Amino acid sequence: MRKTATRLADGRELIYYDREGSPLRDAVDRRPLPPVTTLGELRHDRLLGDTVAIASHRQERTYHPPSESCPLCPSGDGRPTEIPAGDYQVVVFENRFPALSGDAGRCEVVCFTADHQGSFGELDDERAGLVLAAWTDRTRELAARPGVRQVFCFENRGAEIGVTLAHPHGQIYAYPFITPRTERMLRSLEEHRQRTGGANLFDELMAAEESDGRRVVLSSAHWLAFVPYAARWPYEVHLYPRHRVPDLPALDEAARAELPGVHRELVRRFDRIFGPDMPPTPYISAWHQAPLQHPRRTEFALHLELFTIRRTPGKLKFLAGSESGMNVFINDVPPEAAARRLREVASG
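These numbers come from a predicted model, not from an experiment. (Residues numbered from 1 in each chain as written. Predicted model: local features only at pLDDT ≥ 70, side-chain atom pairs only at ≥ 80, totals over all residues. Heavy atoms only, no water.)

**Quick look at helix α4 (residues 253-272)**
Quick reminder of the rule: A run of H or I in DSSP becomes a helix once it reaches four residues, and a run of E becomes a strand once it reaches two; helices and strands are each numbered from the N terminus. The span you would expect from a helix comes to 1.5 Å times its residue count less one. Per-residue accessibility, obtained with a 1.4 Å probe over protein chains only, is compared with the maximum for each type, and a residue is labelled buried under 20%, exposed over 50%, and partly exposed between these values.
Taking 1.5 Å per residue as the helical rise, α4 with its 20 residues ought to reach 28 Å, and the 30 Å between its terminal C-alpha atoms agrees with that figure. Every buried residue of α4 is listed here: Ala255, Leu259, Pro260, Val262, His263, Arg264, Glu265, Leu266, Val267, Arg269 and Phe270.

As structure tokens, this is what we get:
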């Protein structure tokens, strides 16, 4: 992999990730952009203990532009975009409308391909591996920044999820705090360790799911994917490396080599759940990585959570009173039925 770093016209960092031997990306961003101005702040919820990002400047971000005005496509034909080059493989740049910035963190955009009509599932293993290599590299670099406590790599796909740019892309958030969901996992991990005299909760969950088998979706030499016993979403899959590691940079070469094919297979299955006549399945694909400088960091298990809000053709799962008001999820699809369907739509 070759990295080429540059700066956009307003000073934001941009990095091209290319296979070795690819053309050099040396285009210059000549747009008359003003300096990035952010109005964000972090506020603490005293009742719940959560941190909330207030980012009013995001009201001005680009919203569902036509494909010919997509800011994530390569520049060309007199139309400059966020990517100055006329072509690219994978590119990462600082978000122009970040939810987190400065001492309050950092937000980056990860473009998977120059093809506006593409998707992560349609990439070949080599390109998907380049995306994962970029996520890994950015995790390593962002983790070294002062004040960063946790790095979150994710993809939102589909307008139903809330995506405002249709171009295939993901994002990276570098938080200056440990997120509430991770705090809850760490608390459960510690309580289980004390209750059992040292057993690891992640290891036990994986062993139990594999032994039971009813919710296993995919099993390979280095990865295990299953629908969790208490799944919150209609179709939800968790993917774990068989050898527990805290984050993407800690994966060994064997697990890293197998991951692109496994990840793409799960995404492709999601697109087949509801039949060939349905549009692409909206989903969130989220990498949970261990927080930094935490005493239980090595006990945390890197894993991917992939889920969709579509519960049946033409119907979405909305977070209504119980979910939004009390954080008590009600799932319409039994996890065992979801796993069975995800096995049925495996690639031939």
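**A word on the environment of Asp87**
Put simply, the rule reads: Between two residues, a contact is recorded if the distance between any of their heavy atoms is within 4.5 Å.
Structurally, Asp87 is set in the loop between β4 (51-54) and β5 (90-94). Along the sequence, Asp87 and Val52 sit 35 residues apart, while their C-alpha atoms lie 37 Å from each other. In this view, Asp87 contacts Arg25, Pro74 and Ala114; residues no more than four positions away in its chain are not counted.

**Comments concerning the layout of surface pockets**
We apply this condition: A cavity here means a set of 1 Å grid points, computed over protein atoms only, where a 1.4 Å probe fits but cannot escape. A pocket is an open set with protein on both sides within 12 Å along at least 5 of 7 lines, and lining residues have an atom within 4 Å of a point. Grid points are joined across faces, edges and corners, and a volume is the space filled by probe spheres set on the points. All amino acids are sorted into three groups, where Ala, Val, Leu, Ile, Met, Phe, Trp, Tyr, Cys and Pro are nonpolar, Asp, Glu, Lys and Arg are charged, and the leftover types, Gly among them, are polar.
Taken as a whole, the second largest pocket spans an internal volume of roughly 540 Å³. Take the lining of the second largest pocket: its biggest share by element is three residues, from strand β7 (residues 150-157). Residues belonging to the lining of the second largest pocket are distributed by class as follows: 10 nonpolar, 11 polar and six charged.

**Examining the nonpolar core**
Applicable threshold: To define a nonpolar core, start from buried Ala, Val, Leu, Ile, Met, Phe, Trp, Tyr and Cys residues and group those joined through side-chain atoms within 4.5 Å.
Ranked by size, the top nonpolar core spans 51 residues in total, and within it Trp135 and Trp287 carry the most contacts. When residues of this core are assigned to their parent elements, the largest contribution, eight residues, is made by helix α1 (residues 125-143). Setting aside anything within four residues of it in sequence, one finds Trp135 in contact with Val110, Phe112, Cys153, Phe154, Gln171, Ile172, Leu248, His263 and Trp287. The next biggest cluster of nonpolar side chains, apart from the first, holds 15 residues, and it includes Tyr16, Ile83, Tyr88 and Ala114.

**Re the sheet that holds strand β9 (residues 216-219)**
Let me state the cut-off plainly: Paired strands, as defined in this entry, are two strands with at least two bridges between them according to DSSP. In this analysis, axes come from line fits to C-alpha atoms, helices being fitted only over the stretch in contact, and the angle between any two N-to-C directions falls in the range 0 to 180 degrees.
Pairing is antiparallel in the open sheet, where 11 strands are placed in the order β1-β2-β5-β6-β8-β7-β12-β13-β11-β10-β9. Strands at the two margins of the open sheet, each flanked by one partner only, are β1 (2-7) and β9. Put simply, the sheet's adjacent strands are angled 20° from each other on average, direction ignored. Judged from the six bridges that link them, β1 and strand β2 (residues 13-18) form a sheet pairing that is antiparallel. Bridge pairing in β2 places Ala5 opposite Ile15.

Nothing here speaks to function; it is all geometry.
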